[in-house]
Amino acid sequence: MNEFNVKSKIYFGRDALQYINNLKGKKAFIVIDPFMVKSGTINSITNLLKNTNIDFCVFSDIQSDPAIEIINMGIKEILKFKPDIIIALGGGSSIDAAKSISAFGTALRRVYEKHTEKPLFIAIPTTSGTGSEVTGYSVITDKKKKIKYPIYGEDLIPDVAILDPELIKTVPKAITADTGMDVLTHAIEAYVATNATDYSDALAEKAIKLVFKYLLRAYNDGSDMEAREKMHNASCIAGIAFNSASLGLNHGMAHALGGEFHISHGRANAYLLPYIIEYNSDLENSNYNYASKKYREIANFLQLTSSTVERGVVNLVEYIRGLMVNLNIPTSLKKAGIDKEIYYKAIPSISKIAMEDKCTITNPRSAKFEDVVCIFKKVYGE
């Protein structure tokens, strides 16, 4: 028996932040990164909270790839402040951190204070990429081991997601590119994952179409609010899709690659995506598999030439590589300036990490260790 549900209530559009005016609560705990405070973006939230007479506490120690130590600090602050509302404002790192802080903080309050009411958890993304505002996934980093740990739980899913495109109109071009490729990877992996269903497929297909139509527009002109809004929606839609269908080897390897070489998550996904599609398709085997047929479906609804399964897969890969070029994303790690000797020494360890990653479990082609090593070598380029 399968199940599909969307837990988060989603508010979207250019006035979506006004939802905060309707909040009923006394104390809000805001999880945010220092830049959101310095840039004044936080004021868009705090001003509304002041209007509703809600007291608030700001936890702004979030860094890219939130570390276990930061999560522990946030939990301690939650236990002191005792909020009935938790608001995550920022990119994937802020929302991921807030998820763990909220879940563990709430659990500890339940144990030590017998406090049974769960705070209202609101996620407000300021990038269009992770879809974290509607998923039960959170990625936490062990800085010492250089390992990213994806964790999953129903209690990590935000109660409310607010998608206001006004918050993303000044996102720099490079971040627009990286996060956009993250959206695309989420949607494509969800479409071919072993847990995919008709419901997740419908959402993944829509997200893919939106990315191919609007990502370059948003990249080339950040003030194009239609493109910004559509990419914001695409990110959320892809999040709902992969929260149901899960992901695959692309993300398993991206977690390992990004953790070791401090590459942004979206860009790590982009480097890997063409090679993962080729690997999963296994075109050398004339008996076309499940993944290759689904990639052909993607080529079909993108109106790429796909007279055969092989032609569809090849054209999809080439189209993605062309998109990366237009987004000024290097098509290999060599072009990105990664030292070859250091990289090759790391391949065995990051391959092991990728094999153990939870995302890898639902990849459509069962990967062996030597397969992952081979893909990592191909991604470096010559």
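My aim in this report is to walk through the structure given alongside it, one point at a time. Keep in mind it's a predicted model, so treat the numbers as computed, not measured.

### Quick look at the nonpolar core
Across soluble globular proteins, nonpolar side chains show a tendency to be buried alongside one another.
Here is step 1 of the chain: Residues Met 181, Leu 184, Ile 320 and Tyr 343 are the most contacted members of the largest nonpolar core, which totals 79 residues.
Here is step 2 of the chain: Here this core takes 10 residues from helix 6 (residues 198–220), the largest share from any one element.
Here is step 3 of the chain: Non-local contacts of Tyr 343, meaning those with residues more than four positions away in its chain, are made with Leu 257, Phe 261, Leu 333, Ile 338, Ile 350, Phe 376, Lys 377, Val 379 and Tyr 380.
Here is step 4 of the chain: Counting 22 residues, the second largest nonpolar core, distinct from the first, contains Leu 17, Tyr 19, Ile 20 and Ile 30.

### Things to note about the packing of helix 5 (residues 173–192) against helix 9 (residues 265–281)
Here is step 1 of the chain: The N-to-C vectors of helix 5 and helix 9 enclose an angle of 55°; their axes lie 7 Å apart at closest approach. It follows that helix 5 is oblique to helix 9 by the angle criterion. In terms of crossing hand, the pair formed by helix 5 and helix 9 is left-handed. Residue-level contacts link Ala 174, Asp 178, Met 181, Asp 182, Leu 184, Thr 185, His 186 and Ile 188 of helix 5 to His 265, Gly 266, Arg 267, Asn 269, Ala 270 and Leu 273 of helix 9.

### Observations regarding helix 12 (residues 340–356)
Here is step 1 of the chain: Here helix 12 contains 17 residues, and its C-alpha end-to-end distance of 24 Å stays within 8% of the 24 Å for a straight helix at 1.5 Å per residue.
Here is step 2 of the chain: Along helix 12, the residues classified as buried are Tyr 343, Ala 346, Ile 347, Ile 350, Ser 351, Ile 353 and Ala 354.
Here is step 3 of the chain: Contact partners of the buried residues in helix 12: strand 7 (147–152), helix 8 (249–261) and helix 13 (369–380).
Here is step 4 of the chain: At the N-terminal end of helix 12, a side-chain oxygen is found 3.1 Å from the backbone nitrogen of Glu 341, two or three residues along, and the residue is Asp 339.

### Remarks on the environment of Cys 236
Here is step 1 of the chain: As for its position among the elements, Cys 236 is in helix 7 (residues 225–245).
Here is step 2 of the chain: C-alpha separation for the pair Cys 236 and Leu 163, spaced 73 residues apart in sequence, amounts to 8.4 Å.
Here is step 3 of the chain: Sequence-distant contacts of Cys 236, that is, excluding residues within four places in its chain, are made with Ile 10, Glu 133, Val 134 and Leu 163.

### Some details on the side chain of Thr 141
Here is step 1 of the chain: Note on placement: Thr 141 falls in strand 6 (residues 137–142).
Here is step 2 of the chain: Here Thr 141 falls in the buried class, since its relative accessible area comes to 5%.
Here is step 3 of the chain: Residues contacting Thr 141, with those up to four places away along its chain left out, are Asp 65, Pro 66, Ala 67, Ile 68, Ile 147 and Lys 148.

### Some thoughts on the packing of aromatic side chains
To describe a pair of aromatic rings, you give the distance between the ring centres and the angle between the ring planes.
Here is step 1 of the chain: Counting across every chain of the model gives 11 aromatic pairs.
Here is step 2 of the chain: With a centroid separation of 5.0 Å and an interplanar angle of 35°, the aromatic rings of Phe 212 and Tyr 319 are classed as tilted. Separated by 107 residues along the polypeptide, Phe 212 in helix 6 and Tyr 319 in helix 11 (residues 309–326) bring together distant segments of the chain.
Here is step 3 of the chain: Residue classification places Phe 212 among the buried residues on the basis of a relative accessible area of 15%.
Here is step 4 of the chain: Ring pairs connect the aromatic residues Phe 261, Tyr 343, Tyr 344 and Tyr 380, which therefore count as one cluster.
Here is step 5 of the chain: Looking at Lys 27, its charged tip hangs above the ring of Phe 81, at a distance of 4.4 Å from the centre.

Analysis parameters
- Residues numbered from 1 in each chain as written.
- Predicted model: local features only at pLDDT ≥ 70, side-chain atom pairs only at ≥ 80, totals over all residues.
- Heavy atoms only, no water.
- Core = buried A, V, L, I, M, F, W, Y, C linked by side-chain atoms within 4.5 Å.
- Buried < 20%, exposed > 50% of the residue type's maximum accessible area, 1.4 Å probe, protein only.
- Helix = DSSP H or I, 4+ residues; strand = E, 2+ residues; numbered from the N terminus.
- Contact = heavy atoms within 4.5 Å.
- Axes fitted to C-alpha atoms, helices over the stretch in contact; angles between N-to-C directions.
- Parallel < 35°, antiparallel > 145°, perpendicular 65-115°, else oblique.
- Left-handed = near helix turned anticlockwise from the far one by under 90°.
- Expected span 1.5 Å × (residues − 1).
- Polar contact = N/O pair within 3.5 Å; in protein donor to acceptor, adjacent residues only side chain to side chain.
- Phe/Tyr/Trp six-rings, centres within 6.5 Å; stacked < 30°, edge-to-face > 60°.
- Lys NZ or Arg CZ within 6 Å of the ring centre and 35° of its normal.

Just geometry here; none of it tells us what the structure is for.
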